[in-house]
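# Reading the structure
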Amino acid sequence: MPLVSTERFEAERYATVTLDRPEKLNAFNNELLDDLFSALDALAKDDAVSSVIIRGSGGNFSAGYDVVSGYASASAYADWRNLQEKIDLWERIWKYPKPLIAAVEGHCLGGATMLVACCDLVVVSETANIGWPSIPLGGGLLSTVSLWHIGMRKAKELSYIAGNGMTGVEATQLGWANQAVPAEETTEAAATLARRVGRTPLDLLYLKKNALNRVFDRQGFTEALRAGAEWDSISHTAESIDAVKAQMAELGLKGAIRHFSGD
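Notes on the structure follow. (Residues numbered from 1 in each chain as written. Predicted model: local features only at pLDDT ≥ 70, side-chain atom pairs only at ≥ 80, totals over all residues. Heavy atoms only, no water.)

## Side note on the packing of helix H2 (residues 76-94) against helix H9 (residues 221-235)
- Their axes nearest at 8 Å, the elements H2 and H9 cross at an angle of 155°. Our classification of the angle between H2 and H9 gives roughly antiparallel. In the crossing of H2 with H9, the sense of the turn from one axis to the other is right-handed. In this structure, H2 uses Ala 76, Asp 79, Trp 80, Leu 83, Gln 84, Ile 87, Asp 88, Trp 90, Glu 91 and Trp 94 to contact H9, whose residues at the interface are Phe 221, Thr 222, Leu 225, Arg 226, Ala 229, Glu 230, Asp 232 and Ser 233.
- In the contact of H2 with H9, the residues fall into nine nonpolar, three polar and six charged. (Axes fitted to C-alpha atoms, helices over the stretch in contact; angles between N-to-C directions. Helix = DSSP H or I, 4+ residues; strand = E, 2+ residues; numbered from the N terminus. Parallel < 35°, antiparallel > 145°, perpendicular 65-115°, else oblique. Left-handed = near helix turned anticlockwise from the far one by under 90°. Contact = heavy atoms within 4.5 Å. Nonpolar A, V, L, I, M, F, W, Y, C, P; charged D, E, K, R; others polar.)

Structure representation (structure tokens):
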């Protein structure tokens, strides 16, 4: 069964793409990502659709990547290549020709924050949990991208403290999201935004998105996106990573999370 579903609202000129792996909090695996980009590619060619909402099923956006399985590469180069391939996907989100609207409720963790950071507009539930990795195994892949939306001070706080995060209200106040609404209103608020976007002619939306993205790219957004893979692959070779993994083996995943969170 596909792990992504698509619903078109052509009268209102938008479509919704739903991540549909609720039993795993819509965590990213290869099949889900393949289905996501197949759906987006089809909608990019549909002139009846002016914008696309990306949301998650089951009350959560996505738990991101599997923490443990993400660091199994045999060499620093293989690790870097693996990370670059993931970033290739997020760059496709950033360069998608039509406005992408993320509708975020529940958990939006780890790598899922990369997806949202590369979308155009973001609606969050007030109680959303926008979280950074609970165990320090990386070198700044997420925060270097998010700082463009939330500023350096908050980006450093999120990067330095394992398991840190933001509520939907805080994310909106910082500029990571456009608006925060009660959880039960998240999808409809994103749909309202999509309807309003759809009133602008599609060719003008192409031009407006390209103009704004080009300014951000000249300031270094895409470069920061890609450089994160280099910092992460270097950090994975640090001696301290072996110590963190030993703690995970000794304490278990939940025990290691409690250790680094200070609980």
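## A closer look at the pairing of strand S4 (residues 100-104)
- In terms of burial, S4 is a largely internal element, five of the five residues being buried.
- Of the two faces of S4, the one lined by Leu 100, Ala 102 and Val 104 and the one lined by Ile 101 and Ala 103 are each fully buried.
- Where S4 and strand S6 (residues 121-125) come together, four bridges link them in parallel fashion. By the bridge assignment, Ala 102 is partnered in S6 with Val 122. (Buried < 20%, exposed > 50% of the residue type's maximum accessible area, 1.4 Å probe, protein only. Pairing = 2+ DSSP bridges.)

## A word on the sheet that holds strand S7 (residues 129-131)
- Strand order in the open sheet made by the three strands is S5-S7-S8, with mixed pairing throughout. Edge strands, defined here as strands with exactly one partner in the open sheet, are strand S5 (107-109) and strand S8 (165-167). Sheet twist, expressed as the mean angle between neighbouring strand axes with direction ignored, is 15°.
- By the bridge criterion, three bridges tie S7 to S8 in an arrangement that is antiparallel. Note on S8: the bridge partner recorded for Ile 130 is Met 166.

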